[in-house]
Amino acid sequence: QVQLVESGGGLVQAGGSLRLSCAASGSIFRFNAMGWYRQAPGKQREWVATITSTGTTNYADSVKGRFTISRTNAKNTVYLQMNSLKPEDTAVYYCNRAGADGSAWYPWGQGTQVTVSS
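Since the model is a prediction, treat every value here as computed from it, not as a measurement. (Residues numbered from 1 in each chain as written. Predicted model: local features only at pLDDT ≥ 70, side-chain atom pairs only at ≥ 80, totals over all residues. Heavy atoms only, no water.)

Draft legend 1. Inspection of the pattern of salt bridges at higher detail. Here the structure, examined in full by the defined rule, presents four salt bridges. Between Arg38 and Glu46 there is a salt bridge, and its shortest N-O distance comes to 2.7 Å. The exposure class assigned to Arg38 is buried, which follows from its relative accessible area of 5%. Given a relative accessible area of 36%, Glu46 falls into the partly exposed group. Put simply, Lys64 and Asp61 hold a salt bridge, and the shortest N to O gap is 3.2 Å. The class for Asp61 is exposed, based on a relative accessible area of 67%. In this structure, a network of salt bridges that share partners links the residues Arg38, Glu46, Arg66 and Asp89. (Salt bridge = Lys/Arg side-chain N within 4 Å of Asp/Glu carboxyl O. Buried < 20%, exposed > 50% of the residue type's maximum accessible area, 1.4 Å probe, protein only.)

Next comes the structure, spelled out in structure tokens:
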């Protein structure tokens, strides 16, 4: 059964930080790259970051240097540490198994809302 459960979102002032977590079922997580994605109001969902099963990371230019993706394989959990947040980071954030091109594999979970006030 596919399960993706995101948490950790909230309301934060510009310049602040949040840490998102995503618990995934083992069948999704094990040996696979995982990604974070986000969807802002009125916009298409976009890729944010990817981490491979061995820890190689890749980031969208808009978050590079501010966000850090990590994973704990023993807990089937992927994280997104978000620093220096900007109002334009406001979105619902989702995780998913990530393809080589950043595309998502499975139906989306409920996501977690991040709101950055100016």
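Draft legend 2. Summary view of the state of the cysteines. All told, the structure shown has one disulfide when counted by the stated rule. The disulfide bridge from Cys22 ends at Cys95, spanning 1.7 Å between sulfur atoms. An S-S torsion of about 40° defines the bridge between Cys22 and Cys95 as right-handed. Pair noted here: Cys22 is in strand 3 (residues 18-24) and Cys95 is in strand 9 (residues 91-97), with a separation of 73 residues, a long-range link. (Disulfide = S-S within 2.5 Å. Helix = DSSP H or I, 4+ residues; strand = E, 2+ residues; numbered from the N terminus.)

Draft legend 3. Examining the side chain of Arg97 more closely. Mapped onto the elements, Arg97 comes out in strand 9. No salt bridge is formed by the buried Arg97, whose closest oppositely charged neighbour, Asp101, lies at an N-O distance of 10 Å. Separated by 3.3 Å, the side chains of Arg97 and Asn32 make a polar contact. Not counting the four nearest positions on each side in its chain, Arg97 is found in contact with Ile28, Asn32, Ala33, Met34, Tyr37, Ser103, Ala104, Trp105 and Tyr106. (Lys, Arg positive; Asp, Glu negative; His and termini not counted. Polar contact = N/O pair within 3.5 Å; in protein donor to acceptor, adjacent residues only side chain to side chain. Contact = heavy atoms within 4.5 Å.)

Draft legend 4. Fine view of the sheet that holds strand 2 (residues 10-13). With mixed pairing, six strands are arranged side by side in an open sheet as 2-10-9-4-5-6. Among the strands making up the open sheet, the edge pair consists of strand 2 and strand 6 (57-59). Averaged over all pairs of adjacent strands, the angle between their axes in this sheet comes to 25°, without regard to strand direction. (Pairing = 2+ DSSP bridges. Axes fitted to C-alpha atoms, helices over the stretch in contact; angles between N-to-C directions.)

Draft legend 5. Spatial organisation of unusual backbone geometry. Residue Phe31 is not a glycine yet carries a positive backbone phi of 65°. Within the secondary structure layout, Phe31 lies in the loop between helix 1 (26-29) and strand 4 (34-39). The exposure class assigned to Phe31 is exposed, which follows from its relative accessible area of 71%. Its identity is not glycine, yet Asn76 carries a phi of approximately 50°, on the positive side. We classify Asn76 as buried; its relative accessible area is 18%.

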